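Observations on chain architecture
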Amino acid sequence: MIKAIFTNKQQSVNMKTLDGKDFIYICLNGEEKTDGETGNNCFKYNYNEIICPTGTLDIEDIAANPENYINYVYEEEAELTITEQLNDIQLAMAELYEMIIGE
């Protein structure tokens, strides 16, 4: 789990499926804050991102109990090659950009 800051309020669980993988974004314990530099409002969350092959995890259980997955790490992630990890990061960043910007 890490802390993440968003410009918009987030759902506790957001899931996407792309190229045979599930991208699961969990945002819990949100706090509305004001950015000291810009004065803009933002939302700070406990955040976890899980990337796994589609069908590996129980999506319904994650949606119903996101607090059980806030520290979850998919085990096979460590076995990915550097290239696969970079591709996953690029896809995740694109998804986050879409969530934040809304395009």
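Every residue gets a number counted from 1 within its own chain, in the order that chain's sequence is written. The predicted origin of the model limits local features to residues at a pLDDT of at least 70 and limits the giving and counting of side-chain atom pairs to 80 or more, whereas totals for whole chains, interfaces and linings rest on all residues. To get the side-chain values, all heavy atoms of the structure are used, and hydrogens and water are removed first.

Every regular strand shows the same layout, with side chains that alternate between the two sheet faces. Paired strands are those between which DSSP finds at least two bridges. Numbering of helices and strands runs from the N terminus, with a helix taken as a DSSP run of H or I at least four residues long and a strand as a DSSP run of E at least two residues long. The sheet contact formed by strand β1 (residues 2-6) and strand β4 (residues 41-53) spans five bridges and is antiparallel. Looking at β4, one finds that Ile2 is bridged to Tyr47. The pairing of strand β3 (residues 21-34) with β4 spans 12 bridges and is classified as antiparallel. Paired with Thr34 across the two strands is Asn41, which belongs to β4. What sits between the antiparallel neighbours β3 and β4 is a turn of six residues, in which Gly39 has the positive phi angle 80 degrees.

Time to look at the nonpolar core. Formed by Ala4, Phe6, Phe23, Tyr25, Cys27, Phe43, Tyr45, Tyr47, Ile51, Ala92, Leu96 and Met99, the largest nonpolar core amounts to 12 residues. Ranked by the residues each element gives to this core, the list is headed by β4, at four residues. Throughout, a residue-residue contact means that at least one pair of heavy atoms, one from each residue, lies within 4.5 Å. Among all residues touching Tyr25, those that are not within four sequence positions of it are Ser12, Val13, Asn14, Lys16, Tyr47, Asn48, Glu49, Ala92, Glu95, Leu96 and Met99. If you look at the next biggest cluster of nonpolar residues, it comprises 11 residues, including Ile24, Ile26, Cys52 and Tyr74. Within this scheme, the nonpolar core is defined by two criteria: the residues are buried Ala, Val, Leu, Ile, Met, Phe, Trp, Tyr or Cys, and they are joined through side-chain atoms within 4.5 Å. Classification of residues uses two cut-offs on accessible area relative to the type maximum, computed with a 1.4 Å probe and protein chains only: under 20% is buried, over 50% is exposed, and between them is partly exposed.

Turning next to the pattern of salt bridges. For salt bridges, the criterion is a side-chain nitrogen of Lys or Arg within 4 Å of an Asp or Glu carboxyl oxygen. Scanning all chains against the criterion turns up three salt bridges. Among the ionic pairs, Lys21 bridges to Asp88, the shortest N-O distance being 2.8 Å. Linking Lys21 in strand β3 with Asp88 in helix α2 (residues 82-101), this pair joins segments that are 67 residues apart in sequence.

Whether two aromatic rings pair depends on their centres lying within 6.5 Å, for rings of Phe, Tyr and Trp, where Trp uses its six-membered ring; planes under 30 degrees apart make the pair stacked, over 60 edge-to-face, and the rest tilted. In this structure the tally under the stated criterion is three aromatic pairs. An aromatic cluster of at least three residues, connected via ring pairs, comprises Phe6, Tyr45 and Tyr47.

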